[in-house]
2 protein chains.
Amino acid sequence: MVRLVRNLRMTVSYDGTDYHGFQTQPTGKTIQDELQRAIESLVGKPVQVYGSGRTDAGVHARGQVVNFYTESSIPTERWAIALNYRLPTDIVILHVDEVDADFHARRSSKRKTYRYAIKNSKFPDVFERRYQLHLSRSLDLSAMDEAASLLIGTHQFTSFCSTRTSKENHERTLYRSEWIREEDVLYYFVEGSGFLYNMVRIIIGTLIEVGDGKRSASSISDVLLAQNRKAAGPTAPGHGLTLWQVQY
Amino acid sequence: MVRLVRNLRMTVSYDGTDYHGFQTQPTGKTIQDELQRAIESLVGKPVQVYGSGRTDAGVHARGQVVNFYTESSIPTERWAIALNYRLPTDIVILHVDEVDADFHARRSSKRKTYRYAIKNSKFPDVFERRYQLHLSRSLDLSAMDEAASLLIGTHQFTSFCSTRTSKENHERTLYRSEWIREEDVLYYFVEGSGFLYNMVRIIIGTLIEVGDGKRSASSISDVLLAQNRKAAGPTAPGHGLTLWQVQY
C-alpha cells in the first residue's frame, strides 16, 4: 500500500509570555513542543515541526509559519479546528494549507516582518502589558525614526547580533524600518530578508538610546560600520516583540 | 496632636482573569485584597477600600473607582506610582485625587458604563483571548442592536438579575445600550444608573439568543415585563466584560 506523504503549512499565532521561545529546548516548554504534541495526539505518530525561525523567550507571533510532513488523510480545512482544540489557549492556528514537498518554512521564506511595541505613557496599559514595553519617560520619536531609516538596505548586521550566534554570514537586507505612533503607543515595524539572533531587540535597545538623546540618529551608521556588538545598545526585553508576518 | 484624615479616590484598571472578583471573599484572591495590601504596605496600617461596585470573577476594569481614608501625608501625586510599585502587574492605578470626606465610591456614583466584547470569527484572537468571548457562528447584529435599544429607559430589571441578589429594588435606568462592530469584534456598551448582580452578563446571554435567531428582537420587551429570571437567557461568561467607566 502506497501512503501519500503530505506537506502541511500552518500559520500560527501565540502569546509567548509563558514559553521558553519557539524552538524545543532541553528545559522549559516551547511553542514547537506544544505544536508537535497536538499534532501527535491527532495523528497518533510523532512529528517534526519546522518553523520559519526561532522566536526568543517571551516573544509573540501574529503570523509564525511552520510546516510538517504527515501521512494523515485528514482534510486540510479540518486541521486548524482539530489542533486548536488540542492546543493551550495561548496558541491559535489561523490557517492550514497543503504545499509542495520541497516547501520549508525557514528555507523557503523570502521576507519577515516584526513589530515592537512601546507603551510610552505614565502607567502601563494593564490589558497590553504582556505585549508592550512600558517606558514612562519621553522619547524623541523623530530621531528614533531617522535612525531607523538608516538601517534600510543591505548591511553587515554584526553589531546588531548576539555574540552567541552560530551564523557566520551577517549580511541582511532591510526593506522597511520605521516607527509609527498610535496615541501613546510607539510601534516599530521592520521587514527584512532575514534576522540574526536578537537582531530586532538589539536594534530597539539602540533606537531607545537615540530616543533618550544618548546617541545621535546619524550615529546608527557608525554602529553598522563598527561590525561589533559592543557598538550597539542593550538587548530590549522580548515581551514587546511580535513576529508579524512571514512572506514566501 | 490632630491628625488630618484624608479621603482618597483612585481610578483602577485590572485584568480580572486571575481574580475571584473585586470584593474580598472567604477564599481566593480579589482586587480589593490586593489594593488593601498595597496601601497597608505603604502606610503601615490596615485600611478599608470601598469600590464603586463588585465585579464578578474574571471580569475586568478599565476604570473602576475606589476610595479609602488615610492619615498619611504622602502627596496625592505620589500615590499611584508608589502603589503600582507594590501591586501585581495585572492591577494598575491610573489616577489618585483627594475628595470630600463624604465621597463614597459606590453611593456617590451617578452612572456606570460596561463594555462586553465578542470576537466573532473563525478563531479567537490569541492576544485578546482573556478579554473577548469567542463565538465563531454568525450572529444577526442588527437584531441584537434592535433588542439592546429596547432596554434603554427606566425598567424593573428583575428578569436580568441573578436570583442570588440581595437587592430588593430592581428598578434601574439605562441611558445607552448598543452594539458597535469593529471589524470582527462586536462591542456592547451599556451605561446606566446602576446594575444588578450579573445584569450585564444576563443581558448579553439574552442578546446572543436574539443574534442566534432563538428569540425575536421585540421579545426583549416581554422579558422585561415578565420580571422573572427564567424569562431571560443564560449568564454570559465573565471574561468578555469590562467595567469601563464610573461617573460622579
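Everything discussed here concerns the structure shown above.
What counts, and where the lines are drawn
Residues numbered from 1 in each chain as written. Chains lettered and ligands numbered in written order. Predicted model: local features only at pLDDT ≥ 70, side-chain atom pairs only at ≥ 80, totals over all residues. Heavy atoms only, no water. Contact = heavy atoms within 4.5 Å. Buried area = accessible area lost by both parts, 1.4 Å probe. Salt bridge = Lys/Arg side-chain N within 4 Å of Asp/Glu carboxyl O. Polar contact = N/O pair within 3.5 Å; in protein donor to acceptor, adjacent residues only side chain to side chain. Helix = DSSP H or I, 4+ residues; strand = E, 2+ residues; numbered from the N terminus. Nonpolar A, V, L, I, M, F, W, Y, C, P; charged D, E, K, R; others polar. Least-squares fit on C-alpha atoms with pLDDT ≥ 70 in both. Axes fitted to C-alpha atoms, helices over the stretch in contact; angles between N-to-C directions. Parallel < 35°, antiparallel > 145°, perpendicular 65-115°, else oblique. Left-handed = near helix turned anticlockwise from the far one by under 90°.

## Describing the interface of chain B and chain A
So, step 1. Chain B puts 25 residues into the contact, and the matching count from chain A is 25 residues.
So, step 2. For the pairing of chain B and chain A, the buried interface totals around 1,800 Å² over both sides, and the portion due to carbon and sulfur atoms is 65%.
So, step 3. Interface area lost by chain B to chain A is led by Phe123(B), Phe127(B) and Arg129(B), which between them contribute 37%.
So, step 4. Viewed at the interface, chain A and chain B are joined by 2 salt bridges.
So, step 5. Close ionic contact of Asp15(A) with Arg129(B) constitutes a salt bridge, the shortest N to O distance being 3.2 Å.
So, step 6. Summed over the shared surface of chain B and chain A, the result is 6 residue pairs in polar contact (both at pLDDT 80 or more).
So, step 7. Mapped by element, the contributors of at least two residues to the side of chain B that touches chain A are strand 1 (6-14), strand 3 (60-70), helix 2 (76-86) and strand 4 (91-99) of chain B.
So, step 8. Looking at the side of chain B that touches chain A element by element, the count peaks at 4 residues for strand 4 of chain B.
So, step 9. Its residues placed into classes, the side of chain B that touches chain A shows 13 nonpolar, 5 polar and 7 charged.

## Focus on the pattern of salt bridges
So, step 1. Overall, the coordinates contain 24 salt bridges over all chains when judged by the stated rule.
So, step 2. Between Arg176(B) and Glu178(B) there is a salt bridge whose closest N-O contact spans 2.9 Å.
So, step 3. Via salt bridges that share partners, Asp15(A), Arg130(A) and Arg129(B) belong to a single interconnected network.

## A closer look at the relation of the copies chain B and chain A
So, step 1. Between chain B and chain A, which share one sequence, the superposing operator has a rotation angle of 180 degrees and an axial displacement of 0.0 Å; the RMSD is 0.0 Å. Viewed as a symmetry operation, the transformation between the two copies matches a two-fold axis.
So, step 2. Looking at the interface residues of chain B, 100% of them are also at the interface in chain A, so both copies use one shared face.

## Here's the deal with the packing of helix 3 (residues 141-149) of chain A against helix 4 (residues 199-211) of chain A
All names here are of chain A.
So, step 1. Remark: helix 3 packs on helix 4, axes separated minimally by 8 Å, with the N-to-C direction vectors making an angle of 140 degrees. Taken together, the axis directions place helix 3 and helix 4 in an arrangement best described as oblique. In this structure, the crossing between helix 3 and helix 4 has a hand that is right-handed. Residues Ala143, Met144, Ala147 and Ala148 of helix 3 touch helix 4, and the partners they reach there are Leu207, Ile208, Val210 and Gly211.
So, step 2. Its residues assigned to classes, the contact of helix 3 with helix 4 shows 7 nonpolar, 1 polar and no charged.

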